[in-house]
Amino acid sequence: MDTFSAPDTLRDGLLTLLASDPDIRQAVRDIVASPAVRVAPEPEPEPVAAPVDVAPPATVPAAPEPLRVELAPQLIVLATLAADPDLASTWLVDGDSEGLQLARLLASAAQWERLLELWDVLAERCKEAARPATAAELSILEGCLSIHNLIWRDRQAQVCSVEAGVEYDYRLHQRASLRGEVITQQWLPGLANAGGERQRLPLAATH
């Protein structure tokens, strides 16, 4: 058997050559230093791009329902009335849906007697607080009058107004105090029915 066939013998022989022969040692050094045998460094991982926030697609607002557009004036009256606790308690029912509340408003405002009752409530407020009707109160009165007029074709109920500086006339005006002969300010317009009859006279301050 060849003396270098066994692994241990082969290793011992190589070590002996490396220890005793400077040429072999130099050759080994050259081999180790050669670029061909250098272990290539592991490639650096490629940078991962940061995730880009993608904006959600813009939502197109839904077009308003045609019926809601047509009923916009009445819905405004409903919202204004609902914001007045005292009037809402007598004209609306708590817990009703918007549609049912609107139906109640239309049914009530169609009745002339309900409009006269509404005027009386507003006039009493003005007298107690010694002030003109607020913009919201006027909006409710005029809005309910417009709803009432939907039942008429050839005639219309309307408000009656008076200008400041006009001489007070008990047949045409209602004064807020017991005295005064000249109108200084209108507090609440009056109401005339569809036949032209004045059933509530303009409430005004006088001096």
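A quick note: this is a predicted structure, and the numbers were derived from the prediction, not measured.

Novice: Explain the confidence of the model for the chain to me, please; I cannot follow it from the model alone.
Specialist: As a note on interpretation, predicted positions should not be read in detail where pLDDT is low. When pLDDT is averaged along the chain, the result is 85; 73% of the residues meet or exceed 70. For the stretch residues 1-5, pLDDT sits under 50, and the model shows 4 contacts to residues farther than four places along the chain or on other chains.

Novice: What am I meant to see in helix α7 (residues 112-129) here?
Specialist: In an α-helix, one turn spans 3.6 residues; hence positions three or four apart end up facing the same way. Compared with the 26 Å implied by 1.5 Å per residue over 18 residues, the 26 Å span of α7 between its first and last C-alpha is a close match. Every buried residue belonging to α7 is among Trp112, Arg114, Leu115, Leu116, Leu118, Trp119, Leu122, Ala123, Arg125 and Cys126, and all of these are buried. Among the residues trailing α7, alanine 130 stands out with phi positive, at a value near 50°.

Novice: Explanation requested: helix α8 (residues 135-148) in the structure shown.
Specialist: Look at α8: 20 Å from first C-alpha to last across 14 residues, which is about the 20 Å you get at 1.5 Å a residue. Residues of α8 that are buried include every one of Glu137, Ile140, Leu141, Gly143, Cys144, Leu145, Ile147 and His148, and no others.

Novice: Whenever I open this one, the sheet that holds strand β5 (residues 198-200) confuses me. Can you help?
Specialist: The strands that make up a sheet pair up through hydrogen bonds in the backbone, lying either parallel or antiparallel. Taken in spatial order, the 3 strands make up an open sheet running β1-β4-β5, and their pairing is antiparallel. Single-partner strands in this sheet number two, and they are β1 (158-160) and β5. On average, adjacent strands in this sheet sit at an angle of 40° to one another, irrespective of strand direction. Bridge count between β1 and strand β4 (residues 190-192): 3 bridges; the pairing is antiparallel.

Novice: Quick question: what am I supposed to make of the nonpolar core here?
Specialist: If you look at soluble globular proteins, the nonpolar side chains tend to sit buried side by side. By size, the foremost hydrophobic cluster in this structure holds 31 residues, and its most contacted members are Trp91, Leu105, Leu118, Cys144 and Leu188. Among the elements of the structure, α4 (72-82), α5 (85-91), α6 (98-109), α7, α8, β3 (183-188) and β6 (203-206) are those that each provide at least two residues to this core. In terms of residues, this core owes the most to one element, α7, which gives 8 residues. When neighbours within four sequence positions are excluded, leucine 188 is seen to be in contact with Trp119, Leu122, Ala123, Ala133, Leu138, Leu141, Pro202 and Leu203.

Novice: In this structure, what is going on with the packing of α4 against α6? I would like to understand it.
Specialist: When two helices pack together, you describe them by how their axes are tilted relative to each other and by the distance separating the axes. Their axes nearest at 10 Å, the elements α4 and α6 cross at an angle of 95°. By the angle between their directions, the pair α4 and α6 is classed as roughly perpendicular. Contacts between α4 and α6 pair Gln74, Leu75, Val77, Leu78 and Leu81 from the former with Glu98, Gln101, Leu102, Leu105 and Leu106 from the latter. Tallied by class, residues from the contact of α4 with α6 come to 7 nonpolar, 2 polar and 1 charged.

Novice: Whenever I open this one, the sheet that holds β6 confuses me. Can you help?
Specialist: Across the sheet, which stays open at both edges, the 3 strands sit in the order β2-β6-β3 with mixed pairing between neighbours. Looking at strand neighbours, the two that pair on one side only are β2 (174-175) and β3, the edges of this open sheet. Bridging between β2 and β6 involves 2 bridges; their strand directions are parallel. Each residue of the ladder has a partner; that of arginine 175, found in β6, is alanine 204.

Novice: Help me understand the packing of aromatic side chains, please; the structure alone is not making it clear to me.
Specialist: Under the defined criterion, the tally for this structure stands at 0 aromatic pairs. It is arginine 114 that lies over the ring of tryptophan 91; its NZ or CZ is 4.6 Å from the centre. The positively charged end of arginine 171 is found above the aromatic ring belonging to tyrosine 170, 6.0 Å away from the centroid.

Novice: Would you mind going over the environment of alanine 192 with me for this structure?
Specialist: Counting through the fold element by element, alanine 192 comes out in strand β4. Placed 36 residues apart in sequence, alanine 192 and glutamine 156 show a C-alpha to C-alpha distance of 9.0 Å. Dropping the residues within four chain positions of it, alanine 192 is found in contact with Trp112, Ala157, Gln158, Cys160, Glu197, Arg198 and Gln199.

Novice: Even after reading the chapter, I still don't get the packing of α4 against α8, so can you show me in this structure?
Specialist: Contact pair α4 / α8: the axes reach a minimum separation of 9 Å and the direction vectors enclose 140°. The angle between α4 and α8 places the two elements in the oblique class. Considering the relative orientation of α4 and α8, their crossing is left-handed. Residue-level contacts link Gln74, Val77, Thr80 and Leu81 of α4 to Ala136, Ser139, Ile140, Gly143, Cys144 and Ile147 of α8. Tallied by class, residues from the contact of α4 with α8 come to 6 nonpolar, 4 polar and no charged.

Scoring rules and cut-offs
- Residues numbered from 1 in each chain as written.
- Predicted model: local features only at pLDDT ≥ 70, side-chain atom pairs only at ≥ 80, totals over all residues.
- Heavy atoms only, no water.
- pLDDT = per-residue confidence, 0-100.
- Contact = heavy atoms within 4.5 Å.
- Helix = DSSP H or I, 4+ residues; strand = E, 2+ residues; numbered from the N terminus.
- Expected span 1.5 Å × (residues − 1).
- Buried < 20%, exposed > 50% of the residue type's maximum accessible area, 1.4 Å probe, protein only.
- Pairing = 2+ DSSP bridges.
- Axes fitted to C-alpha atoms, helices over the stretch in contact; angles between N-to-C directions.
- Core = buried A, V, L, I, M, F, W, Y, C linked by side-chain atoms within 4.5 Å.
- Parallel < 35°, antiparallel > 145°, perpendicular 65-115°, else oblique.
- Nonpolar A, V, L, I, M, F, W, Y, C, P; charged D, E, K, R; others polar.
- Phe/Tyr/Trp six-rings, centres within 6.5 Å; stacked < 30°, edge-to-face > 60°.
- Lys NZ or Arg CZ within 6 Å of the ring centre and 35° of its normal.
- Left-handed = near helix turned anticlockwise from the far one by under 90°.

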